[in-house]
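Report on the structure
Listed here are the chains, written in short residue letters.
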Amino acid sequence: MSEVQAKPGVLSHGGDWNFELLQEYDLEIAKLAKEFGLDTYPNQIEVIASEQMLDAYASVGLPISYAHWSYGKEFIRNEEGYRRGMRGLAYELVINSDPCIAYLMEDNSMPMQALVIAHACYGHNSFFKGNYLFRQWTSADAIVDYMVFARKYIFDCEQRYGETRVEEMLDACHALMDHGVDRFHRPSPLSADEELQRQRSRDEHAWKQYDDIWRTLPESKSEKPEKKKAKRVFPPEPQENLLYFIEKYSPTLEPWQREIVRIVRKLAQYFYPQGLTKVMNEGWATFWHYTLLNTMYDRGLVDEGFMFEVLQSHTNVVMQPGYDHPAYSGINPYALGFAMMKDIRRICEEPDDEDRQWFPDIAGKDWREVLDFAMRNYKDESFINQYLSPKLIRQFHLFAISDKHKEDHLRIDAIHNEDGYREVRRTLSRQYNRDMLVPDIQIVRYEHMGDRSLALRYNRLKERPLSDEAKEVLKHLCFLWGFKVTMEIHDEGAGLVDKMEVTPASRL
């Protein structure tokens, strides 16, 4: 960071930056974003050192989150890789909050800071505000206050009950985070004040449970046996939100432990939309940093040196290694998302006959309206199924392979023809279906009138077995429940195929 000499027309030359220049770039990018119709939360830009970025990295992107040993372990792993030059750091980190908080690395050059501002402060920010999943399932205006409350609460618990007990709780809850999400019932908005009030009410309720007089009342004889039997079937419907059920009905958890379960459940819910929109979210932000900065260049606000550095970084971000490349780790969400956003604009502005056949509703339409509609109303699975074009399938060299364990050979399922394009699109979109990634495990029975055991059911998908860690995860569930936990494994057509059981004693 040093004094920067700005020249008329061009905002700056070279890589040096200062805070006034950051503000100037932010103002210019904000003007362009407004011209393109991007609707954003107010921005709060923070410039941090590499150590702070490593710390934010380690805490799953929430630097205001509570402390946990796994974050420290992740910090050391990232730091070692960074110091040895084995990995780089993200240029930015952004929090889905109102105002939207964006962290910029102080080591970045001015072109990189501008790229990050365009990418995070106007790309991700507008996605957070506009996409239906983020609007429905997260509370951008309350997440920061809630995490401050959560961090203080867990710190207080460590002081009062000991770090070991708190870490045991967090370990168990973290193991079940994927099963702590409401997919169909919209959660109530977050509020740190309401959480405090609810916490007091829960303590008062727990205190009343010590009144043993009520337990001496004789059982009503008028109740019919059938009705008593019906009461034993609980819950009446299978429950897929395991953490919610544990928080509400665990026979052994103390109030402070239920609160920790609730905190982790809220955190899982906060990240739920991000897991469903990785391709769209990164593709949208990448498309807009590319579009905004190129527009700045077209208007003479930045020079060639600025754009060379921006395009070099942009190219690295959207690189898609081939399947036989050492760096290949699946489809790069930045590459696919950016290519699809750019392709939608092409279909709107310069459609060919194939585009008119495949996308008659958007060919020739206003690209800004089409992209805005897609951003607001789709997630990765439906976005790919709707907008992946034959041209992109050819460009990415996509085809489908059928790999069934009952067959001796792999089979090419789809190639580049009419039916093949549709099959590739369908197959790829299914890979982003959460049901394909997270096992379908539901609580089907709680013996609340008997031995208090808990019964789960795993509905196996395509005969796919659970991994070796399944029993370890079940032990964490047993720890939270306090009594025997069983899980029946069902296969469509074959019925019950296996059963797992964990007792509190077996966890030792």
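Quick caveat, the model's predicted, so the values are computed rather than measured.

1. Re the pattern of salt bridges
With the rule as written, the count across this model stands at 22 salt bridges. Of the charged contacts in the structure, one is a salt bridge between Glu 28 and Lys 31, with a shortest N-O distance of 3.7 Å. In this pair, Glu 28 and Lys 31 both sit in helix 1 (residues 19-35), three residues apart, roughly one turn of the helix. The salt bridge partner of Arg 445 is Glu 447, with a shortest N-O separation of 3.3 Å. Look at Arg 445 and you get partly exposed, because its relative accessible area is 35%.

2. A short note on the side chain of Asn 125
Structurally, Asn 125 can be placed in helix 4 (residues 110-130). The exposure class assigned to Asn 125 is buried, which follows from its relative accessible area of 0%. At a separation of 2.9 Å, a polar atom in the side chain of Asn 125 contacts the side chain of Asn 43.

3. Topic: the pairing of strand 8 (residues 485-491)
Counting buried positions along strand 8 yields six of seven residues, so the element is predominantly enclosed. In this sheet, strand 8 lies alongside strand 7 (residues 454-460) in parallel orientation, the contact comprising seven bridges. Note on strand 8: the bridge partner recorded for Ala 455 is Thr 486. Crossover connection from strand 7 via helix 21 (residues 470-481) to parallel strand 8: handedness right-handed. What sits between strand 8 and strand 9 (residues 495-502) in their antiparallel hairpin is a turn of three residues, with Gly 493 showing a positive phi close to 95°.

4. Quick look at a positive patch on the surface
Taken together, the side chains of Lys 404, Arg 430, Lys 462 and Arg 464 present a region of like positive charge at the surface. Turning to its location among the elements, Arg 430 is positioned in helix 19 (residues 418-430). Residue classification places Arg 430 among the partly exposed positions, given a relative accessible area of 32%.

5. A few points about the sheet that holds strand 7
Ordered in space as 6-7-8-9, the four strands form an open sheet in which the pairing is mixed. At either end of the open sheet lies a strand with only one pairing partner, and these are strand 6 (441-446) and strand 9. Each strand axis lies, on average, 25° off the axis of its neighbour in the sheet, ignoring direction. Running at roughly 25° to strand 6, helix 10 (residues 242-249) makes contact with strand 6 and strand 7 of the sheet. Lying on the sheet, helix 21 is in contact with strand 6, strand 7, strand 8 and strand 9; it crosses strand 9 at an angle near 60°.

6. Describing a nonpolar patch on the surface
A cluster of nonpolar side chains, Phe 399, Ile 401, Leu 410, Ile 412 and Ile 415, forms an exposed patch at the surface whose accessible area comes to about 510 Å². The topology assignment puts Ile 415 in the loop between strand 5 (411-414) and helix 19.

7. With respect to unusual backbone geometry
Pro 99 follows Asp 98 through a cis peptide bond whose omega is 5°. With respect to the helices, strands and loops of the structure, Pro 99 is situated in the loop between strand 2 (92-95) and strand 3 (100-105). Phi angles above zero are rare outside glycine, and His 397 is one such case at about 55°. Secondary-structure assignment places His 397 in the loop between helix 18 (390-395) and strand 4 (400-402). Of note, Arg 452 is a non-glycine position whose phi angle comes to about 65°, a positive value. Tracing the backbone shows Arg 452 in the loop between strand 6 and strand 7.

8. As for the packing of aromatic side chains
By convention here, two paired aromatic rings are described through the distance between centres and the angle between planes. Under the definition given, this model contains 28 aromatic pairs. Look at Trp 17 and Phe 19: their rings are 5.4 Å apart centre to centre, the planes differ by 90°, and that puts the pair in the edge-to-face class. A residue is classified by how much of its surface remains accessible, and Trp 17, at 3% relative accessible area, is buried. Here Phe 19 falls in the partly exposed class, since its relative accessible area comes to 48%. Relative to Tyr 446, the ring of Phe 245 lies with its centre 6.4 Å away and its plane at 90°, an arrangement referred to as edge-to-face.

9. Describing the packing of helix 6 (residues 143-161) against helix 7 (residues 163-175)
As a packed pair, helix 6 and helix 7 sit with axes 7 Å apart at the nearest point and diverge in direction by 135°. Between helix 6 and helix 7, the angle falls in the class oblique. Of the residues in helix 7, those in contact with Ile 154, Cys 157, Glu 158 and Tyr 161 of helix 6 are Glu 163, Arg 165, Val 166 and Leu 170. Classifying every residue of the contact of helix 6 with helix 7 by side-chain character gives five nonpolar, no polar and three charged.

10. Some details on helix 21
The end-to-end C-alpha separation of helix 21 is 16 Å, in line with the 16 Å expected for 12 residues at 1.5 Å each. Buried within helix 21 we find Ala 470, Leu 474, Leu 477, Cys 478, Leu 480 and Trp 481. Seen end-on, helix 21 carries its buried residues on one side only, within an arc spanning 160°. Among the structural elements, helix 7, helix 10, strand 6, strand 7, strand 8 and strand 9 are those in contact with the buried residues of helix 21.

11. Details of the confidence of the model for the protein chain
With 87% of its residues at a pLDDT of 70 or more, the protein chain has an overall mean of 86. This stretch, residues 1-6, has a pLDDT under 50; its non-local contacts, to residues over four places away or in other chains, come to 13 contacts.

12. Focus on the side chain of Asp 182
Structurally, Asp 182 is set in the loop between helix 7 and helix 8 (192-208). Among buried Asp, Glu, Lys and Arg side chains, Asp 182 stands out as unpaired, with Arg 265 the closest opposite charge at 4.4 Å. Within polar-contact distance, the side chain of Asp 182 engages the side chain of Asn 241 at 3.3 Å. For Asp 182, the contacting residues outside a window of four places in its chain are Trp 137, Asn 241, Arg 265, Gln 269 and Tyr 272.

Definitions and cut-offs
- Residues numbered from 1 in each chain as written.
- Predicted model: local features only at pLDDT ≥ 70, side-chain atom pairs only at ≥ 80, totals over all residues.
- Heavy atoms only, no water.
- Salt bridge = Lys/Arg side-chain N within 4 Å of Asp/Glu carboxyl O.
- Helix = DSSP H or I, 4+ residues; strand = E, 2+ residues; numbered from the N terminus.
- Buried < 20%, exposed > 50% of the residue type's maximum accessible area, 1.4 Å probe, protein only.
- Polar contact = N/O pair within 3.5 Å; in protein donor to acceptor, adjacent residues only side chain to side chain.
- Pairing = 2+ DSSP bridges.
- Right-handed = clockwise from strand over helix to strand, strands pointing away.
- Patch = residues over 30% accessible without salt bridge, like charges linked within 9 Å, V, L, I, M, F, W, Y side chains within 5 Å.
- Areas by Shrake-Rupley, 256 points an atom, 1.4 Å probe, with all protein chains shown as cover.
- Lys, Arg positive; Asp, Glu negative; His and termini not counted.
- Charge placed at Lys NZ, Arg CZ, Asp CG, Glu CD.
- Axes fitted to C-alpha atoms, helices over the stretch in contact; angles between N-to-C directions.
- Contact = heavy atoms within 4.5 Å.
- Phe/Tyr/Trp six-rings, centres within 6.5 Å; stacked < 30°, edge-to-face > 60°.
- Parallel < 35°, antiparallel > 145°, perpendicular 65-115°, else oblique.
- Nonpolar A, V, L, I, M, F, W, Y, C, P; charged D, E, K, R; others polar.
- Expected span 1.5 Å × (residues − 1).
- Arc of directions from axis to C-beta.
- pLDDT = per-residue confidence, 0-100.

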